[in-house]
Amino acid sequence: MRKIIVLEFLSLDGVMQAPGGPEEDTSGGFKYGGWTVPYFDDFAGKLMGEQMSKPADLLLGRKTFEIFAAYWPQHESGWPGINTMTKYVASTTLTSHEWQNSVFFKGNVVEKIKKLKAQTGPDFQVYGSGNLMQTLMQHDLVDEFWLKIFPVTLGQGKRLFAEGTLPAAFTLEKSQTSPKGVIFASYKRAGEVKTGSF
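Residues numbered from 1 in each chain as written. Predicted model: local features only at pLDDT ≥ 70, side-chain atom pairs only at ≥ 80, totals over all residues. Heavy atoms only, no water.

Just give me the short version of the nonpolar core, but keep the residues and values in it.
If you look at the biggest cluster of nonpolar residues, it comprises 31 residues, and the most contacted ones within it are Leu58, Phe65, Phe68 and Trp79. Breaking this core down by element, the ones donating at least two residues are β1 (4–11), α1 (42–52), β2 (56–61), α2 (62–71) and β6 (144–150). Per-element tally for this core: the top contributor is α1, with 4 residues. Beyond its immediate stretch of four places on either side in the chain, phenylalanine 68 contacts Leu58, Leu60, Pro73, Trp79, Trp99 and Tyr127. Ranked by size, the runner-up nonpolar core spans 24 residues in total, among them Leu116, Phe124, Leu132 and Leu160. (Core = buried A, V, L, I, M, F, W, Y, C linked by side-chain atoms within 4.5 Å. Buried < 20%, exposed > 50% of the residue type's maximum accessible area, 1.4 Å probe, protein only. Helix = DSSP H or I, 4+ residues; strand = E, 2+ residues; numbered from the N terminus. Contact = heavy atoms within 4.5 Å.)

Can you break down the sheet that holds strand β5 (residues 123–127) residue by residue, with the values?
Taken in spatial order, the 8 strands line up as β4-β3-β2-β5-β1-β6-β8-β7 in an open sheet, and their pairing is mixed. Each edge of the open sheet carries a strand with a single partner, namely β4 (102–105) and β7 (170–177). With strand direction ignored, the average angle separating the axes of adjacent strands in the sheet is 20 degrees. Strand contacts of helix α3 (residues 109–118): β1, β2, β3 (87–90), β4 and β5, with the helix running at about 140 degrees to β4, the strand carrying the most contacts. Sheet contacts for helix α4 (residues 130–138): β1, β2, β3, β5 and β6; angle to β2, the most-contacted strand, approximately 110 degrees. (Pairing = 2+ DSSP bridges. Axes fitted to C-alpha atoms, helices over the stretch in contact; angles between N-to-C directions.)

Lay out α1 with the relevant residues and their values.
Residues of α1 that are buried include every one of Ala44, Leu47, Met48, Gln51 and Met52, and no others. One side of α1 holds all its buried residues, which, seen down the axis, span an arc of 135 degrees. Every exposed residue of α1 that faces more than 90 degrees away from the buried side is listed here: Asp42 and Lys46. On its buried face, α1 sits against β1, β5, β6, β7 and β8 (183–189). With a side-chain oxygen positioned 3.2 Å from the backbone nitrogen of phenylalanine 43, the residue opening α1 is aspartate 41. (Arc of directions from axis to C-beta. Polar contact = N/O pair within 3.5 Å; in protein donor to acceptor, adjacent residues only side chain to side chain.)

Describe in detail the packing of aromatic side chains, supporting the description with residues and values.
Applying the stated criterion to the full structure yields 16 aromatic pairs. Considering the side-chain rings of tyrosine 88 and phenylalanine 124, the 5.7 Å spacing of their centres and the 75 degrees angle between planes classify their relative orientation as edge-to-face. Taken together, the positions of tyrosine 88 in strand β3 and phenylalanine 124 in strand β5 put the pair 36 residues apart, joining distant regions of the chain. Assessed through its relative accessible area of 13%, tyrosine 88 is described here as buried. Overall, the relative accessible area of 1% leaves phenylalanine 124 in the buried class. Directly above the ring of phenylalanine 9 sits lysine 148, whose terminal nitrogen or CZ lies 5.6 Å from the centroid. Above the face of the phenylalanine 170 ring, arginine 189 is positioned so that its terminal group lies 5.8 Å from the ring centre. (Phe/Tyr/Trp six-rings, centres within 6.5 Å; stacked < 30°, edge-to-face > 60°. Lys NZ or Arg CZ within 6 Å of the ring centre and 35° of its normal.)

Summarise α4; cite the residues concerned and give the values.
Turning to α4, its buried residues number three or more, namely Leu132, Met133, Gln134, Leu136 and Met137. Looking at the buried residues of α4, the elements they touch are β1, β2, β3, α3, β5 and β6. Phi turns positive, to about 55 degrees, at aspartate 140, one or two residues after α4.

Describe the layout of surface pockets, listing the residues and the values that go with them.
Within this model, the largest pocket holds a volume of roughly 1,300 Å³. In terms of lining, the largest pocket is formed by 41 residues, of which the most central are Glu24, Thr64, Phe68, Tyr127 and Gly128. When contributions to the lining of the largest pocket are tallied by element, the ones reaching two or more residues are β1, α1, α2 and α4. Sort the elements by how many residues they give to the lining of the largest pocket and α2 lands first, with 7 residues. The residue inventory of the lining of the largest pocket, partitioned by class, reads 18 nonpolar, 15 polar and 8 charged. Taken as a whole, the second largest pocket spans an internal volume of roughly 220 Å³. Along the walls of the second largest pocket sit Leu47, Glu50, Gln51, Lys54, Trp146, Lys174, Ser175, Gln176, Phe184, Ala185 and Ser186, which together make up its complete lining. (1 Å grid on protein atoms, 1.4 Å probe; cavity = no way out; pocket = protein on both sides within 12 Å on 5 of 7 lines; lining within 4 Å. Points joined across faces, edges and corners; volume = space filled by probe spheres on them. Nonpolar A, V, L, I, M, F, W, Y, C, P; charged D, E, K, R; others polar.)

Functional significance is not addressed by these values, which are geometric in nature.
Structure (structure tokens):
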């Protein structure tokens, strides 16, 4: 069984929109694109490099795929192996792309992802892909969250834990904090939510 691992940049108030640059995603009038940039340092870069170097295939929504496809094919030195990874893309409009090893699917996305998970192969890493993320969470398909939580609130924007979020328990597997206050926290799915009283 292959795992689905979600790697996201989050503000303290849960926003995941446009972490990398002003023009990345301005939908909804979002004006804080690039909000992660001032907090990156060598420490954060090293941890990101470790996460990105794990054997993996990518599972992406169309918008994130298009952002990646416009940049990474020419910058593989920053992410060794990205061009040879299989990129699985959920899209109702794209059916092919010149970026090597890109596979597109539409229709019953949930069933197709379940079949992919049941195969042998590397785990899946999911970046960005806000709409796809809601579908994955709604159907309890996420095995781990590798979150980067930045010391900033944005007040608006697309949130990771939005309409697709189901009640679920997680175990903190690992956490580290960068000198600039970015918390790198890895959580593993741990069954149902348990309640109690004091």
